[in-house]
Amino acid sequence: MLLNASGCLDALTAPDVARSLHAFVTKTITREPRGGNAPVRIAETEAGMLNAIGLANPGRDRFLTDVLPRLRELAVPLWISVGGFSTAEYAETCAALEAVAAIELNLSCPNIDEAPENAAAIVAACRDATGLPLYAKLSPAAWDIAEAARAVEAAGADGLSLVNTLRGLALDRRTLRPTLARGSGGYSGPALKPVALAAVYACAAAVEIPIVGMGGVRSGLDALELIAAGASAVALGTVLFADPGAAVRVRAELAAELAARDLGHPLDARGLAHSSLQMTVSRSGNKLQKVPGNRAKVTA
Amino acid sequence: MRRERLSVRGVESVGPYTLLRVEQGGLDAGIPGQFFMLEAPGRVLPRPMSVCLAAARELAFLIDPIGPGTRALCALEADHPIHVLGPLGNGFDVEVERPLLVGGGIGIAPLPYLSQQLGGPPAILGFRSERHAEAAALLPGAEVCIEPTYVTTLLPEERHDVLACGPEPMLAALRDLVPDAQLAWEAPMACGYGACYGCAVELEGELKRLCVEGPVLRAA
């Protein structure tokens, strides 16, 4: 299953790109409208890019009245990314949403304390506020991301989105001042892939809930690696900026990678990276079971 | 919005700039002032470039090699394929009565194609040096000034429909002098099609995406 990473696609300006995905994830919605940070907001680096957009969004009310109805017309399953500056704000926004495929809680916003207790408290409040599937998007900067994953799982999350960007800084070559007006920004792109793999790998061994893996995916092989690390869906981020057709290409490449390994379905590859665990998935229940045993055999 | 892998037809020096010529393939050349995202070999993100010339099933882009992406584009050789996405954004409104083209530095890039569509209207161009002014050859007949003389001092008294592209201080000065001017702005862009929100500029008191709202905007 291929999605976009939140903030990496506007389905209204690029509906065909949104339709090439299994689900469209919105840019994060907050209670109040946000213009975002002053420019300069983006900078390319040697192996990735920085962004400091600042959760620009029309605010919850305008999203619900103006944007969401137009998104529904696209007939693509919708994941709504929800952000906030207090537990109550997250929960109120979740309560206001209905008839969408899932809610992704952006728990890795720079203005939110990311301690697992707080992330778990937010998830617990949102759990009380909605019956919709809740995915918790965690930062890879946590000291022990598996601990954070266990905490949000215990609080009622239905899944994890791994990972958000890492904080990074770029300096202008001439002035040696920060390129971004805000100073630091979120680092994404190819350099993030090993970080994402490590996070997915650690969390897949720690929790039972499904994981959407993301971070530096550019190819079908990158997607397969995240699945092997334990993800059951993959999201595309920075690659969509360079290639709006990335979903179509990555899907075809993934199919070829699976076929080359005699694997019939992407989920057949799930968890293959875990040498001591063989993971199987009940596709109907979407629940992960950990079965002690040998590593699944892979024929190249 | 269409993306194709197209062969470079040639690369030519124009003063300190480089004219990168790419086969047009199945892409629409678009309206002057619209832009394309060009794959910069070895870089993570493509670079936004407006069409400088469109003829003979070829798109040509005038590029100033100021950073790693633009240098990679200028170092391309004939037959090398690159991905090209576009045309993107809103171009100039060419339904004007008395066009006057105003360009500054690398901002002259979209003017040759615009001039071609408007039947060769008058043009005034400003550059920072004699060497940069060699690029004026792309717009035969244009009036040229070199710093410290600015294009704004060459603006004629009588009313014209100003269509301009150049550095921000030049566009800001024109905005004040010619309230109905069409100005082509630039901003760093990751995607060019509204996805990244990186190219935000302040319009009517709000931050908006230049790739969606522009890059050509009315001064007032």
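As the structure is a prediction and not an experimental result, all values here were calculated from the model.

Caption draft 1: Focus on the overall build of chain A. When helices and strands are counted, chain A shows nine helices and 14 strands. A sequence separation of at least 24 residues applies to 65% of the contacts in chain A between residues at least 6 apart.

Caption draft 2: Highlighting the overall build of chain B. Assigned secondary structure in chain B consists of four helices and 15 strands. Computed over its C-alpha atoms, the radius of gyration of chain B comes to 16 Å, within 12% of the 17 Å expected for a compact globule of 220 residues. When its C-alpha atoms are laid out on the principal axes, chain B stretches across 50 × 40 × 30 Å. In chain B, buried positions account for 50% of the 220 residues. Residue pairs in contact within chain B that sit at least 24 positions apart in sequence constitute 61% of those at least 6 positions apart.

Caption draft 3: Broad picture of the sheet that holds strand 12 (residues 182-184) of chain B. Residue and element names in this part refer to chain B. Across the sheet, which stays open at both edges, the six strands sit in the order 10-9-8-11-12-15 with mixed pairing between neighbours. Edge strands, defined here as strands with exactly one partner in the open sheet, are strand 10 (143-146) and strand 15 (216-218). Averaged over all adjacent pairs, the angle separating strand axes in this sheet is 20°, with direction ignored. Strands strand 8 (99-104), strand 9 (123-127) and strand 11 (161-165) of the sheet are contacted by helix 2 (residues 111-118), whose axis makes an angle of about 170° with strand 8.

Caption draft 4: Structural view of the pairing of strand 4 (residues 48-51) of chain A. Residues and elements named next belong to chain A. Neither face of strand 4 is exposed, since Gly48 and Leu50 on one face and Met49 and Asn51 on the opposite face are all buried. Pairing between strand 3 (residues 42-45) and strand 4: four bridges, direction antiparallel. Directly across from Ala43, in strand 4, lies its bridge partner Leu50. Turn length for the strand 3-strand 4 hairpin, with the two strands adjacent in sequence and antiparallel, is two residues.

Caption draft 5: Spatial organisation of the interface of chain A and chain B. At the junction of the two partners, chain A supplies 26 residues and chain B supplies 23 residues. Only strand 3, strand 4 and helix 8 (238-242) of chain A provide two or more residues apiece to the side of chain A that touches chain B. Here the side of chain A that touches chain B takes four residues from helix 8 of chain A, the largest share from any one element. Looking at the side of chain A that touches chain B, its residues break down into 14 nonpolar, eight polar and four charged.

Caption draft 6: Representation of the sheet that holds strand 4 of chain A in the model. All names here are of chain A. Strand order in this open sheet of four strands is 3-4-10-9, and the pairing throughout is antiparallel. Both edges of this open sheet fall to strand 3 and strand 9 (166-168), since each of them pairs with a single strand only. Recorded for the sheet is a direction-independent mean angle of 35° between the axes of neighbouring strands.

Caption draft 7: Spotlight on the nonpolar core. With 170 residues, the main nonpolar core has A:Leu105, A:Val123, A:Ala136, A:Leu160, A:Val200 and A:Cys203 as its most contacted residues. For this core, the element with the most residues is helix 6 (residues 193-204) of chain A, which contributes eight residues. Taken domain by domain, this core gets at least three of its residues from each of domain 1 (2-88) and domain 2 (99-184) of chain B. The contacts of A:Cys203, once residues within four sequence positions are left out, are A:Ile145, A:Ala146, A:Ala149, A:Leu160, A:Leu162, A:Ile211 and A:Gly230.

Caption draft 8: Local environment of the domain arrangement of chain B. Residue and element names in this part refer to chain B. Here chain B is described as being made up of domain 1 (2-88) and domain 2 (99-184). Contact with domain 1, which involves 13 residues of that partner, is made by 14 residues of domain 2. By residue class, the composition of the side of domain 1 that touches domain 2 is nine nonpolar, three polar and one charged.

Caption draft 9: Inspection of unusual backbone geometry at higher detail. Here A:Pro39 and A:Val40 are connected by a cis peptide whose omega angle stands at 10°. Structurally, the position occupied by A:Val40 is in the loop between strand 2 (24-25) and strand 3. Look at the link from B:Gly86 to B:Pro87: it is a cis peptide, with omega at 0°. Relative to the helices and strands, B:Pro87 is located in strand 7 (residues 81-88). Unusually for a residue other than glycine, B:Ala56 sits at a positive phi of about 55°.

Caption draft 10: Focus on the environment of B:Gly10. All names here are of chain B. With respect to the helices and strands, Gly10 occurs in strand 1 (residues 2-14). We classify Gly10 as partly exposed; it has 14 C-beta atoms within 10 Å. On a C-alpha basis, the gap between Gly10 and Gly91 in space is 25 Å, while along the polypeptide they are 81 residues apart. When neighbours within four sequence positions are excluded, Gly10 is seen to be in contact with Arg21 and Ala78.

Caption draft 11: Summary view of the packing of helix 7 (residues 220-229) of chain A against helix 9 (residues 246-260) of chain A. Residue and element names in this part refer to chain A. Viewed as axis vectors pointing N to C, helix 7 and helix 9 meet at an angle of 65°, and their least axial separation amounts to 7 Å. In this structure, the crossing between helix 7 and helix 9 has a hand that is right-handed. Residues Gly220, Leu221, Ala223 and Leu224 of helix 7 form the contact with helix 9, whose participating residues are Val250, Ala252, Glu253, Leu254, Ala256 and Glu257. Here the residues of the contact of helix 7 with helix 9 are counted per class, giving seven nonpolar, one polar and two charged.

Caption draft 12: A look at helix 2 of chain B. Residue and element names in this part refer to chain B. Buried within helix 2 are the following residues: Leu111, Pro112, Tyr113, Leu114 and Ser115. Buried residues along helix 2 sit against strand 5 (53-55), strand 8, strand 9 and strand 11. Looking at the residues trailing helix 2, positive phi occurs at Gly119, about 75°.

Caption draft 13: Spotlight on the confidence of the model for chain B. Looking at chain B as a whole, its pLDDT mean stands at 96, while 100% of the residues score no less than 70. Interface predicted TM-score (ipTM) for the complex: 0.95; the corresponding pTM is 0.93.

Caption draft 14: Broad picture of the environment of A:Ile211. All names here are of chain A. Here Ile211 is to be found in strand 11 (residues 211-214). Judged by the 27 C-beta atoms lying within 10 Å of it, Ile211 falls in the buried class. Placed 49 residues apart in sequence, Ile211 and Leu162 show a C-alpha to C-alpha distance of 7.0 Å. Setting aside its immediate chain neighbours within four residues, Ile211 contacts Gly159, Leu160, Leu162, Val200, Cys203, Ala204, Gly230, Ala231 and Ser232.

Caption draft 15: Structural detail: helix 2 (residues 60-72) of chain A. The sharpest bend along helix 2 of chain A reaches about 35° and sits at A:Asp66, with the proline A:Pro69 one to four residues further on. All buried positions along helix 2 of chain A are accounted for by A:Arg60, A:Phe63 and A:Leu71.

Caption draft 16: Structural context of the packing of helix 5 (residues 145-154) of chain A against helix 6 of chain A. Residues and elements named next belong to chain A. It is the contact of helix 5 with helix 6, at a shortest axis distance of 8 Å, that shows an interaxial angle of 50°. By the angle between their directions, the pair helix 5 and helix 6 is classed as oblique. At the point where helix 5 passes helix 6, the crossing takes the right-handed sense. Seen from helix 5, the contacting residues are Ile145, Ala146 and Ala149; seen from helix 6, they are Ala199, Ala202 and Cys203.

Definitions and limits used
- Residues numbered from 1 in each chain as written.
- Chains lettered and ligands numbered in written order.
- Predicted model: local features only at pLDDT ≥ 70, side-chain atom pairs only at ≥ 80, totals over all residues.
- Helix = DSSP H or I, 4+ residues; strand = E, 2+ residues; numbered from the N terminus.
- Contact = placed C-beta atoms within 7 Å.
- Rg over C-alpha atoms; globule rule 2.2 N^0.38 Å.
- Buried ≥ 20, exposed ≤ 12 C-beta atoms within 10 Å, placed from the backbone.
- Pairing = 2+ DSSP bridges.
- Axes fitted to C-alpha atoms, helices over the stretch in contact; angles between N-to-C directions.
- Nonpolar A, V, L, I, M, F, W, Y, C, P; charged D, E, K, R; others polar.
- Core = buried A, V, L, I, M, F, W, Y, C linked by C-beta atoms within 7 Å.
- Domains from an automatic or database assignment.
- Left-handed = near helix turned anticlockwise from the far one by under 90°.
- pLDDT = per-residue confidence, 0-100.
- Bend = angle between axes of the 7 residues up to and from the residue.
- Parallel < 35°, antiparallel > 145°, perpendicular 65-115°, else oblique.

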